[in-house]
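Read off the chains here:
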Amino acid sequence: MLDLLRYPFMRNALITGSIVAVLAGAIGYFIVARSLTFAAHAIPNIGFAGAAGAVLTGILPVYGFFAFALAAAVGIGLVGKRARERDIVVAVLMTFALGLGFLFLSLYAGYAQRVYGILFGSILGISVGNVVVTGVAAAVAMGLLLAIYRPLLFCTVDPQAAAARGLPVATISALFLSVAALAISLSAQVMGALLVFTLMVGPAATANRLTRRPGRAILTAALLGLAYVWLGIGAAAISGRLPVSFMVSAIAFAVYLPVRIWARPRRRPGSASMSPRGAGAPDAPAEEEGCSAS
Amino acid sequence: MQEETGCVAVLEKASVRLGGRLIQESMTFTVEEGEFLAVLGPNGAGKTTLLRLLLGLIEPSSGSVSVFGAPPRRGNSRIGYVPQFRDVDAGISIRARDIVRLGLDGHRWGPGLPSRKREAAIDEVLEEVGALDLAEASLGELSGGERQRVLVAQALLTNPRLLLLDEPLASLDLAREAEIVGLVARLRRTRKTAVLLVTHDVNPMLSEIDGVLFMANGRCAKGPIAEVVTSAALSGLYGSPVEVVEALGKLFVVGAPI
């Protein structure tokens, strides 16, 4: 396994994979919390059309991907708050984009492998220049996320109270979706447009079941994502046949399932019959201690 | 408009239109320092709209509104606001104390640093609303009444002089209703905070409130229960015959929706 690190493409794969795993985990917490999972599925599909268009015109696919993903994110942000209405609009946009992507592909006479890579990821084909672009873009995305962290959390949990406190709720929502579009574009290089959803949602959904604290959930999601990507790349490299994105999505599923079934009952133990004001209510679970780190 | 020191809010002929529809016409009343008012009225009468007006989230289409002697503005820390119960995703990892904390610094940029002083302030308000034992519980683990306590604690962190509570009793059982009313009554006594509590049922708080603000049919009436919640007064407000019946020490409005 360590021998594999001698190859530059393996090093590039691991560095890029690590960067996007951490970023996707952090963004994923808010995607899950804001019930944007469907949007997180649609944005990369729309991005795919952009990437296919980029291939057609000879631009680096990730740029076309990002342009379309950003437009989709802003559009979804503008469509508004009602989840049902939003989902319908997103679905219509997404299927149109997929059709557009197919059109671009059929017009493209070149090497189909590049397009295949956009759909399913091409982590082992990442250049050094690509690693640098990914690193810089991820740093920008992470910086933005940190900058809006508290207002975003406030708007997520309690949008009306946040607005009353003077926060620009709609702007923050659009800003977050833009950061998410950037993160999705970067992650799609590793996972592909069709499977990037795994990295955005899988670790965060699992982390949500393992801790009660926002800061810890984000950290846990980032670490889980990191583990999935490393294991995925390792397994793919050793087997020589299994694709990385398949391995990552399989691991994410394999971890989420048992956690979903066993971890953390929805109520505090013994409090179901709790009467007024916590008469003898059992206190916080042992997992939590000390003062907040988030 | 007179700038009495004792006035928390003064409305003078304030009308509100939303999307071309007249919600309230010519509201004129004052909210005094430390006054506890129940805001009553049918759905769509403008109860939440009134709160949004005081918060500076919407503007009157005509007339004037002043809060603490100035026009309403968003982010006024002298107002504590608990919005109507929302369908937040209970699957999100967030503890009660994290939610309370948002009332203190949720509007600031950046992630924020750990602070003992802040945690102590959070413990203090949680204790005040009797929810200190819930501090480490996550949002999804809180019952409706527990959640209301935590949200009230969040609203208290800025030491507001006016509390706006939008249907805090919705979807609570009778015992939990009484608890929340008891909590609000205690807070307004100890903190001398004025309270506007939006509700569909005034009975749980009959002995605690100073008066009611009854909104219906684009108009409103403010005063003691004995003056406002009467057959004659409500018939005038609704513009149709309405009967107020007293039974078992409770008031029932017959002939009109509340």
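Residues numbered from 1 in each chain as written. Chains lettered and ligands numbered in written order. Predicted model: local features only at pLDDT ≥ 70, side-chain atom pairs only at ≥ 80, totals over all residues. Heavy atoms only, no water.

Caption draft 1: Up close: the packing of aromatic side chains. Using the criterion set out here, one finds five aromatic pairs over all chains in the structure. Here the aromatic rings of Phe30 of chain A and Phe176 of chain A are separated by 5.9 Å at their centres, their planes lie at 65 degrees, and the arrangement is edge-to-face. Here Phe176 of chain A lies in helix 9 (residues 169-191) and Phe30 of chain A lies in helix 1 (residues 8-33), a separation of 146 residues in the sequence. Overall, the relative accessible area of 0% leaves Phe30 of chain A in the buried class. Accessibility expressed as a relative area gives 0% for Phe176 of chain A, which makes it buried. Each ring, one from Phe214 of chain B and one from Tyr238 of chain B, has its centre 6.0 Å from the other, and the planes form 75 degrees; the classification is edge-to-face. You can see Phe214 of chain B sitting in strand 8 (residues 211-216) and its partner Tyr238 of chain B sitting in helix 7 (residues 231-238), a full 24 residues away along the chain. Considered together, Phe214 of chain B and Tyr238 of chain B belong to a single accessibility category, that of buried residues. Site record: aromatic cluster; members linked through ring pairs are Tyr29, Phe30, Tyr149 and Phe176 of chain A. Over the ring of Tyr7 of chain A we find Arg6 of chain A; its NZ or CZ atom is 5.8 Å from the centre of that ring. (Phe/Tyr/Trp six-rings, centres within 6.5 Å; stacked < 30°, edge-to-face > 60°. Helix = DSSP H or I, 4+ residues; strand = E, 2+ residues; numbered from the N terminus. Buried < 20%, exposed > 50% of the residue type's maximum accessible area, 1.4 Å probe, protein only. Lys NZ or Arg CZ within 6 Å of the ring centre and 35° of its normal.)

Caption draft 2: Representation of empty space enclosed by the protein within the structure. Residue and element names in this part refer to chain B. Applying the stated criterion to the full structure yields four cavities of 30 Å³ or more. Space inside the largest cavity adds up to approximately 160 Å³. The element best represented in the lining of the largest cavity is strand 5 (residues 79-82), accounting for three residues. Here the lining of the largest cavity is composed, by residue class, of seven nonpolar, seven polar and two charged. Counting the residues that make up the lining of the largest cavity, at least three belong to each of domain 1 (1-78 + 161-258) and domain 2 (87-159). (1 Å grid on protein atoms, 1.4 Å probe; cavity = no way out; pocket = protein on both sides within 12 Å on 5 of 7 lines; lining within 4 Å. Points joined across faces, edges and corners; volume = space filled by probe spheres on them. Nonpolar A, V, L, I, M, F, W, Y, C, P; charged D, E, K, R; others polar. Domains from an automatic or database assignment.)

Caption draft 3: Representation of the pattern of salt bridges in the model. Inspection of every chain in the model, using the stated rule, returns 18 salt bridges over all chains. One salt bridge connects Arg212 of chain A with Glu141 of chain B, and the closest N-O pair in it is separated by 2.3 Å. Here Glu141 of chain B lies in the loop between helix 3 (116-128) and helix 4 (144-156) and Arg212 of chain A lies in the loop between helix 10 (196-210) and helix 11 (214-239), a pairing that spans two chains. Among the residues examined, Arg212 of chain A registers a relative accessible area of 5% and is labelled buried. By relative accessible area, which is 1% here, Glu141 of chain B ends up buried. (Salt bridge = Lys/Arg side-chain N within 4 Å of Asp/Glu carboxyl O.)

Caption draft 4: View of the domain arrangement of chain B. Residues and elements named next belong to chain B. Once the domains are mapped, chain B shows domain 1 (1-78 + 161-258) and domain 2 (87-159). The interface of domain 1 with domain 2 comprises 15 residues on the first partner and 12 residues on the second. Buried area between domain 1 and domain 2, both sides added, is near 1,200 Å², and the carbon and sulfur share of it is 57%. Broken down residue by residue, the surface that domain 1 buries against domain 2 is led by Ser77, Leu183 and Arg191, which jointly contribute 38%. The tally of links between domain 1 and domain 2 comes to two salt bridges. When the shortest N-O distance is used, the salt bridge between Glu128 and Arg191 registers 2.6 Å. Scanning the region where domain 1 abuts domain 2 turns up five residue pairs in polar contact (both at pLDDT 80 or more). At the level of secondary structure, the elements contributing two or more residues to the side of domain 1 that touches domain 2 comprise strand 6 (162-166) and helix 5 (174-191). Among the elements that make up the side of domain 1 that touches domain 2, the one with the highest residue count is helix 5 (eight residues). (Contact = heavy atoms within 4.5 Å. Buried area = accessible area lost by both parts, 1.4 Å probe. Polar contact = N/O pair within 3.5 Å; in protein donor to acceptor, adjacent residues only side chain to side chain.)

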